[in-house]
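Close look at the chain arrangement
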Amino acid sequence: MEFPDLGKHCSEKTCKQLDFLPLKCDACNQDFCKDHFTYAGHKCPFAFKKDVKVPVCPLCNVPIPVKRGEIPDVVVGEHIDKDCAYHPG
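The name given to the protein in an unreviewed UniProt entry is Zinc finger AN1-type containing 2A, with the source organism recorded as Ictidomys tridecemlineatus.

**Comments concerning the nonpolar core**
What tends to happen in soluble globular proteins is that the nonpolar side chains get buried as a cluster. With 8 residues, the main nonpolar core is built from Cys10, Cys25, Ala27, Cys28, Phe32, Cys33, Cys44 and Ala47. Of all hydrophobic cores here, the second largest spans 6 residues; its members include Cys60, Ile64, Val75 and Val76.

**Considering a nonpolar patch on the surface**
Taken together, the side chains of Leu6, Leu18, Phe20 and Leu21 present a nonpolar region at the surface, about 430 Å² in accessible area. Structurally, the position occupied by Leu18 is in strand 2 (residues 18-19). Residue classification places Leu18 among the partly exposed positions, given a relative accessible area of 38%.

**A look at the confidence of the model for the protein**
Of the residues in the protein, 93% have a pLDDT of 70 or more, and the chain-wide mean is 88. Element-level pLDDT for the protein is lowest in helix 1 (residues 47-50), with a mean of 80, against a maximum mean of 96 in strand 4 (residues 31-32).

**What about the domain arrangement of the protein?**
By the assigned domains, the protein splits into domain 1 (1-50) and domain 2 (52-88). Here domain 1 and domain 2 have C-alpha centroids that lie 36 Å from each other.

Scoring rules and cut-offs
- Residues numbered from 1 in each chain as written.
- Predicted model: local features only at pLDDT ≥ 70, side-chain atom pairs only at ≥ 80, totals over all residues.
- Heavy atoms only, no water.
- Core = buried A, V, L, I, M, F, W, Y, C linked by side-chain atoms within 4.5 Å.
- Buried < 20%, exposed > 50% of the residue type's maximum accessible area, 1.4 Å probe, protein only.
- Patch = residues over 30% accessible without salt bridge, like charges linked within 9 Å, V, L, I, M, F, W, Y side chains within 5 Å.
- Areas by Shrake-Rupley, 256 points an atom, 1.4 Å probe, with all protein chains shown as cover.
- Salt bridge = Lys/Arg side-chain N within 4 Å of Asp/Glu carboxyl O.
- Helix = DSSP H or I, 4+ residues; strand = E, 2+ residues; numbered from the N terminus.
- pLDDT = per-residue confidence, 0-100.
- Domains from an automatic or database assignment.

Written out as structure tokens, the structure is:
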């Protein structure tokens with residue numbers, strides 16, 4: 001007995017594997033197998049919307065918010081110069 005509507009094919013062009021438990025990318029909304037569901041695994045063009053990294057001050061270990069368009073190194077440097085709570089003993 002066949003189940004033609006069961007599972008989905010991986011959206012990665014080089015794979016197309018039929019996967020019975022496909023994973024949907026939360027950035028591009030396509031279905032992928034376990035080998036290609038990560039942003040890097042399928043080279044997701046919309047990964048920048050979801051894959052956000054927050055820099056941490058190397059002295060006081062506080063996360064530093066960076067606004068869109070700002071350079072993280074500059075913002076962390078300003079934090080160290082003005083707001084850092086680290087006081088060498």
